[in-house]
Amino acid sequence: MFDSMFHMQLPLLEKIARPIIVYLFLIGFLRLFGKRELAQLNPFDLVVLLSLSNTVQNAIIGNDNSVTGGMIGAFALLTINWLLTRVLFKAPKLEKVLEGTKTEFIRHGVVDPKALERETMTELELLSVIHKQGLNDFSEVEVCALEPNGTFYVEAMKPSQDERHIAALKDAVEMLTIEVKQMRVQLGTQ
């Protein structure tokens, strides 16, 4: 019973090579097809990501369903990921080439339609992204960008100089009002 559980049906080198090849293939094609696949923006993208694991499963394990083969495959995947992250950490230029650059969708409240088109994203999907950050309209956004790792960066507009000045004046008027009320109370009691 335990013999079939731990006996590998494939050679050790093949068990190591299969996950590494599939890993590198997936990294390359996810980069080729864009950051949107990583952002999981809609149900279609999520279905694709979930199906990928099932699609490449046989390519990784082959005809071997043994525990030993699974552990070796997992070890190979973790090792290639660890090695690649170390190499990219030491070679930032290579990392930038492999990961790509961020895509800015909004700058100073203005949507860039070409950026949306490049990432095959609709304005409705972009609006959903900024709603998650507590903003209601594109005009409230200073910057909205899709990072190379598939996450969104959203920065709200900061108040203008005039708006800050008006807020400071309102605060000063409130303080003066409080002081006048206190003075009236003092004068009334004397």
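Source: prediction; values computed, not measured.

What counts, and at which threshold
- Residues numbered from 1 in each chain as written.
- Predicted model: local features only at pLDDT ≥ 70, side-chain atom pairs only at ≥ 80, totals over all residues.
- Heavy atoms only, no water.
- Helix = DSSP H or I, 4+ residues; strand = E, 2+ residues; numbered from the N terminus.
- Buried < 20%, exposed > 50% of the residue type's maximum accessible area, 1.4 Å probe, protein only.
- Contact = heavy atoms within 4.5 Å.
- Areas by Shrake-Rupley, 256 points an atom, 1.4 Å probe, with all protein chains shown as cover.
- Axes fitted to C-alpha atoms, helices over the stretch in contact; angles between N-to-C directions.
- Parallel < 35°, antiparallel > 145°, perpendicular 65-115°, else oblique.
- Left-handed = near helix turned anticlockwise from the far one by under 90°.
- pLDDT = per-residue confidence, 0-100.
- Pairing = 2+ DSSP bridges.
- Nonpolar A, V, L, I, M, F, W, Y, C, P; charged D, E, K, R; others polar.

## Regarding the overall build of the chain
Moving on, step 1. Scanning the chain from terminus to terminus reveals nine helices and four strands.
Moving on, step 2. Starting at the N terminus and ending at the C terminus, the chain contains elements arranged as α-α-α-α-α-α-β-β-α-α-β-β-α.
Moving on, step 3. The proportion of buried residues among the 190 residues of the chain is 26%.
Moving on, step 4. Nonlocal contacts in the chain, meaning residues at least 24 apart in sequence, comprise 61% of its contacts between residues at least 6 apart.
Moving on, step 5. Within the structure as shown, the chain displays about 13,600 Å² of accessible surface, and the carbon and sulfur contribution to it stands at 64%.

## Considering the environment of leucine 88
Moving on, step 1. Counting through the fold element by element, leucine 88 comes out in helix H5 (residues 67-90).
Moving on, step 2. A relative accessible area of 10% places leucine 88 in the buried class.
Moving on, step 3. Among residues more than four places away in sequence, those in contact with leucine 88 are Leu94, Glu95 and Leu98.

## Some details on the packing of helix H2 (residues 12-33) against H5
For any two helices packed against each other, the geometry is given by the interaxial angle and the distance between the axes.
Moving on, step 1. Remark: H2 packs on H5, axes separated minimally by 8 Å, with the N-to-C direction vectors making an angle of 45 degrees. When the axes of H2 and H5 are compared, the pair comes out oblique. Considering how the two elements wind past one another, H2 and H5 form a crossing that is right-handed. Seen from H2, the contacting residues are Leu12, Lys15, Ile16, Pro19, Ile20, Tyr23 and Leu24; seen from H5, they are Gly69, Ile72, Gly73, Ala76, Leu77, Ile80, Asn81 and Leu84.

## Looking at the confidence of the model for the chain
Moving on, step 1. Of the residues in the chain, 89% reach a pLDDT of 70 or more, and the chain-wide mean stands at 83.
Moving on, step 2. Of all secondary-structure elements in the chain, the lowest mean pLDDT belongs to helix H3 (residues 36-39), at 58, while strand S2 (residues 110-111) reaches the highest, 94.

## Here's the deal with the sheet that holds strand S4 (residues 152-156)
The strands that make up a sheet are held in pairs by hydrogen bonds between backbone atoms, and each pair lies either parallel or antiparallel.
Moving on, step 1. If you trace the four strands from one edge of the open sheet to the other, you get S2-S1-S3-S4, paired in antiparallel fashion. Whereas interior strands pair on both sides, the edge strands pair on one side only; in this sheet they are S2 and S4.
Moving on, step 2. Across two bridges, the pairing between strand S1 (residues 103-107) and S2 is antiparallel. Note that in S2 the partner of arginine 107 across the bridge is valine 110.

## Considering the packing of H5 against helix H6 (residues 92-99)
Moving on, step 1. Contact pair H5 / H6: the axes reach a minimum separation of 5 Å and the direction vectors enclose 115 degrees. Contacts between H5 and H6 pair Val87, Leu88, Phe89 and Lys90 from the former with Pro92, Leu94, Glu95 and Leu98 from the latter.
Moving on, step 2. Per-class residue counts for the contact of H5 with H6 are six nonpolar, no polar and two charged.

## Some words on the environment of leucine 126
Moving on, step 1. Along the polypeptide, leucine 126 turns up in helix H8 (residues 123-131).
Moving on, step 2. C-alpha separation for the pair leucine 126 and phenylalanine 138, spaced twelve residues apart in sequence, amounts to 8.9 Å.
Moving on, step 3. Those residues within four positions of leucine 126 in sequence are excluded, and the remaining contacts are Phe105, Ile106, Val111, Leu116, Met121, Phe138 and Cys144.

## Observations regarding unusual backbone geometry
Moving on, step 1. In this model, histidine 108 sits at a positive phi of 55 degrees, which is unusual for a non-glycine residue.
Moving on, step 2. In this fold, histidine 108 is placed in the loop between S1 and S2.
Moving on, step 3. Classification of histidine 108 as partly exposed rests on a relative accessible area of 48%.
Moving on, step 4. A positive phi angle, close to 45 degrees, is found at threonine 120, a residue other than glycine.
Moving on, step 5. Mapped onto the secondary structure, threonine 120 falls in the loop between helix H7 (113-118) and H8.

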